[in-house]
Amino acid sequence: MIGLAVEFSQLCFEAGAAHRGFVPQAAVLLAHALDLDAGPDPLHSALVRLARLHEGRPVLASRTAQTLTTRLTYAHRNGIGDTDTLLTVAARLGATGDTAEGLFAAALTATGGARTAWTGPWRTQLRLLRQHPVPDVRDAAYAEVTARE
């Protein structure tokens, strides 16, 4: 099954890259094809590959980050995805300075932080994203609420 998902992801990426008019559809399909049970390296690679489809398309990157948030929330409810993996990948993505990768890092951070009730490492990751060089990433990080009064 994993081999089929990888092959499907490759086809979606190639379709999006070759036919720019299909990038939004390819992005949604790739976001839904992510193996959230994968280790940090394969998940990071898949998200970097997905981010490449968003070069020069910050609005699409924001929409895809929302799709990713929805997918991660659903996965959590079904026991899919390891929070340590999500934290590692969020830190890697957030460190690049890229818009799409930063927005994806914000999505992972929001979901992982909520899963763990914003334990120390997640708060630290959120603070780092609030200093990101891309204003849209900073805004996404500042929009997250870690505690209600």
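The following refers to the structure shown. In this text the structure is predicted, and so the values were computed from the model without any measurement.

By the burial criterion, the buried members of helix α2 (residues 23-33) are V23, A26, A27, L30, A31 and A33. An end-on view of α2 places all buried positions within 165° of arc, on one side of the element.

What follows is about unusual backbone geometry. Although it is not a glycine, A117 adopts a positive phi angle of roughly 60°. As for its placement among the helices and strands, A117 is situated in the loop between α6 (99-115) and α7 (120-129). A positive phi angle, close to 55°, is found at W118, a residue other than glycine. Along the chain, W118 falls in the loop between α6 and α7. W118 sits in the buried class, given a relative accessible area of 7%.

So, about the side chain of H54. Its location among the elements puts H54 in the loop between α3 (40-52) and α4 (58-77). Excluding residues that lie within four positions of it along the chain, H54 makes contacts with A27, L60, A61, T64, A100 and F104.

With that out of the way, let us pick up the environment of G113. The residue G113 is located in helix α6 in this model. Exposure remark for G113: the relative accessible area of 0% places this residue in the buried category. C-alpha of G113 to C-alpha of L87: the two residues are 26 residues apart in sequence and 8.9 Å apart in space. Sequence-distant contacts of G113, that is, excluding residues within four places in its chain, are made with W118 and W122.

Looking now at the pattern of salt bridges. Side chains carrying opposite charge are able to pair once their charged atoms draw close together. Summed over all chains, the structure comprises 1 salt bridge. Here D41 and R92 are joined by a salt bridge, their closest N and O atoms 2.8 Å apart. With D41 in helix α3 and R92 in helix α5 (residues 83-94), this residue pair connects regions lying 51 residues apart in the sequence. R92 sits in the partly exposed class, given a relative accessible area of 31%.

One finds L43, L47, L50, L68, F104 and L108 to be the most contacted residues of the largest nonpolar core, which totals 37 residues. For this core, the secondary structure elements donating two or more residues are α2, α3, α4, α5, α6, α7 and α8 (135-142). Among the elements that take part in this core, α6 stands out by supplying 7 residues, more than any other. If we ignore the near neighbours within four places in the chain, the residues touching F104 are L47, L50, A51, H54, A61, T64, A65, L68 and L93.

Close contact between α4 and α6 brings their axes to 9 Å; oriented N to C, the two are set at 25°. The pairing of α4 with α6 is recorded here as roughly parallel in orientation. Seen from above, α4 lies across α6 with right-handed handedness. Every residue of α6 that contacts α4 at P58, A61, S62, T64, A65, L68, T69, L72, T73, A75 and H76 is listed here: T99, A100, L103, F104, A107, L108, T111 and R115. Of the residues in the contact of α4 with α6, the class split is 11 nonpolar, 7 polar and 1 charged.

Thresholds, definitions, all that
Residues numbered from 1 in each chain as written. Predicted model: local features only at pLDDT ≥ 70, side-chain atom pairs only at ≥ 80, totals over all residues. Heavy atoms only, no water. Buried < 20%, exposed > 50% of the residue type's maximum accessible area, 1.4 Å probe, protein only. Helix = DSSP H or I, 4+ residues; strand = E, 2+ residues; numbered from the N terminus. Arc of directions from axis to C-beta. Contact = heavy atoms within 4.5 Å. Salt bridge = Lys/Arg side-chain N within 4 Å of Asp/Glu carboxyl O. Core = buried A, V, L, I, M, F, W, Y, C linked by side-chain atoms within 4.5 Å. Axes fitted to C-alpha atoms, helices over the stretch in contact; angles between N-to-C directions. Parallel < 35°, antiparallel > 145°, perpendicular 65-115°, else oblique. Left-handed = near helix turned anticlockwise from the far one by under 90°. Nonpolar A, V, L, I, M, F, W, Y, C, P; charged D, E, K, R; others polar.

Taken by themselves, the reported measurements are silent on function.
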